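Residue-level listing of the chains:
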Amino acid sequence: MLDRRKFLKKTTVAAGAAAAIPILGCADATTAAQTIDKEIDRKKPFDGGTLEADITKRVKATFPSPVIIDKIEVVEAKNRFFLRVTDAQGNTGLTAMNKGRFMRSQTIFINLAAKQYIGKDAREIANLPAEILKHDRNYKFVSLPYWNGIGTVEIAVWDLLGRMANKPVYTFLGNKKRDSYPVYISSLERELPYEGETDRILKTAEITGATATKFKIGGRMKNHEPYITRTNEWIPYMRKRVGDNFTMYVDGNSSYTAEEAIEVLKLLEDNRVEFFEEPCYWQDLWSHKLVKEAATSCKIAGGEQDFSLDQFKLMAEIGAIDTLQPDAYYHGGIVRTLKISHLAAYYRLGFTPHSPKAGPMAAAPNQIFAVCPVLSHHQEYRVGGEEKQQDWHSPVLPKNGELSIFEAPGLGIEYDNNIWKKEKVYWTSKNA
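The written sequence of each chain sets the order in which its residues are numbered from 1. Whole-chain, interface and lining totals are the exception, using all residues; otherwise, since this is a predicted model, local features are given only for residues with pLDDT of at least 70 and side-chain atom pairs are given and counted only at 80 or more. By convention in this description, side-chain values take in all heavy atoms of the structure and omit both hydrogens and water.

Focus on the environment of Asn 271
- Helix numbering and strand numbering both begin at the N terminus, where a helix is a DSSP run of H or I of at least 4 residues and a strand a DSSP run of E of at least 2. If you trace the backbone, Asn 271 turns up in the loop between helix 9 (258-270) and strand 7 (273-277).
- With a relative accessible area of 11%, Asn 271 lands in the buried category.
- Each C-alpha atom of the pair Asn 271 and Ile 235 lies 7.1 Å from the other, and the pair is 36 residues apart in sequence. Three exposure classes are used, based on accessible area relative to the maximum for each residue type with a 1.4 Å probe and protein chains only: buried under 20%, partly exposed in between, and exposed over 50%.

Topic: empty space enclosed by the protein
- The rule is simple: put a 1 Å grid over the protein atoms alone, call a set of points where a 1.4 Å probe fits but cannot get out a cavity, call an open set with protein on both sides within 12 Å along at least five of seven lines a pocket, and count a residue as lining if it has an atom within 4 Å of a point. Grid points are joined across faces, edges and corners, and a volume is the space filled by probe spheres set on the points. Per the stated rule, a full pass over the model turns up three cavities of 30 Å³ or more.
- In this structure, the largest cavity encloses a volume near 70 Å³.
- Lining of the largest cavity is provided by Tyr 181, Val 183, Ser 355, Ala 362, Pro 365, Phe 369, Gln 379, Glu 380, Tyr 381 and Leu 403.
- Of all the secondary-structure elements, those providing two or more residues to the lining of the largest cavity are strand 4 (180-186), helix 13 (363-371) and strand 11 (379-382).
- Counting residues per element, the lining of the largest cavity draws most heavily on strand 11, which supplies three residues.
- Lys, Arg, Asp and Glu make up the charged group, whereas Ala, Val, Leu, Ile, Met, Phe, Trp, Tyr, Cys and Pro make up the nonpolar group; the residues left over, Gly among them, are polar. Looking at the lining of the largest cavity, its residues break down into seven nonpolar, two polar and one charged.

Quick look at the nonpolar core
- With 122 residues, the main nonpolar core has Trp 158 and Phe 276 as its most contacted residues.
- Per-element accounting of this core gives the leading share, eleven residues, to helix 5 (residues 144-165).
- In this structure, Trp 158 is in contact with Ile 55, Val 59, Ile 125, Val 169, Phe 172, Leu 173, Ile 334 and Val 335, ignoring residues within four places of it in sequence.
- Grouped together as the second largest cluster of nonpolar side chains are five residues, Ala 212, Tyr 249, Phe 275 and Ala 301 included. Only buried residues count toward a nonpolar core, which is a set of Ala, Val, Leu, Ile, Met, Phe, Trp, Tyr and Cys residues joined through side-chain atoms within 4.5 Å. The contact definition used throughout considers only heavy atoms, calling two residues in contact when any of these lie within 4.5 Å.

Considering the side chain of Ser 186
- Following the sequence through the fold, Ser 186 ends up in strand 4.
- Excluding residues within four positions of it along the chain, Ser 186 makes contact with Lys 214, Glu 380, Tyr 381, Arg 382 and Val 383.

Quick notes on the packing of aromatic side chains
- Working definition: a ring pair exists when centres of Phe, Tyr or Trp rings (six-membered ring for Trp) sit within 6.5 Å. Plane angles under 30 degrees give stacked, over 60 give edge-to-face, the rest tilted. Scanning the entire structure with this criterion turns up 23 aromatic pairs.
- Ring centres of Tyr 194 and Trp 234 lie 6.2 Å apart, and the angle between their planes is 25°; this geometry places the pair in the stacked category. In this pair, Tyr 194 is assigned in helix 7 (residues 194-208) and Trp 234 in helix 8 (residues 227-242), connecting sequence segments 40 residues apart.
- Judged by relative accessible area, which is 12%, Tyr 194 ranks as buried.
- A ring pair is formed by Tyr 249 and Phe 275, whose centres lie 4.1 Å apart and whose planes are at 15°; its orientation type is stacked. Pair noted here: Tyr 249 is in strand 6 (residues 247-251) and Phe 275 is in strand 7, with a separation of 26 residues, a long-range link. An identical accessibility class is assigned to Tyr 249 and Phe 275; each is buried.

Here you go:
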């Protein structure tokens, strides 16, 4: 079994070990880029700079010889799926993954993503997503399922490299900028009575010490009863329950037209809600721009479904969004997501990735947060997630409202090896 004291020691960083870069609230998110303004030439269009080249240089300085990816497996353990990558020498890396999403898109995941990494040099991981996109006609399948597959494998490869080097992934990504970050308690529920869901949020907040929450409004791509009444009642009810010193965010999940969202916005600002996520259909940037222009205090956030750097650039260029929210898995992995933080810095926007994860799946964004130049608001932690220390992996539990950067090798998650004794291999590239 795990030595919890050993894990706690590994996942807690000594105070003052990293440079202190403030994580700013909604109202002041645009100033977050000031610490790196000297490094940004805004006379030139944003192109991502030398991020991939810099990361590849760090990796190859650690690994002078190729690290060839030999096998990829989808395995089931603890009633969940994991993706495991093995190199030619038998070293392994893995990440937890979304079982339901894999089951719905496994043809794309396996054939266009996983198989394409076989035989590749893991030291080129920062460049492989762009290379694989050009293979055959992969570009014709570009979509969220495609990039989710690419990103999941990329994340597992990073775990492989970190474990081989005996250091956390973030050390390859850039200079460490923070030791921890504040979290908000994220509710995913729209159907159960909001009073009970509020109780669940506050229970998780009490356990974790969090002082912020995000909850769902609208009906998810629809806006009719009973969701209209639920939204109108829940927002003031939540403010009354949490008091004045608790931060509130909401997520519309594309429920509204611009006109409807602007009407809801009045209620949000009256109740001091700090950001309104994805109020309109997620691809309709012009409606988001209208809502943003109507806002006086509440910021507009979005980007969960987006998988294109160019789409994020467009959001920024036309002023449609205040805060960018890529998902490390959906967006194609750690490096592509980190690049969006650099884009946020360039345009002086907020950056708070979509990540309704608890447990091991929180590891990938955690490594990004260690080094990203902009990190605004609180970061997502799911209500009803892991609210006590699990006995099969190292801690992923906020304390005093903050989650520490994971310091163990790889993605920072250590597992009880006994769980793999009962694993079931769902798919392996060796049999493909």
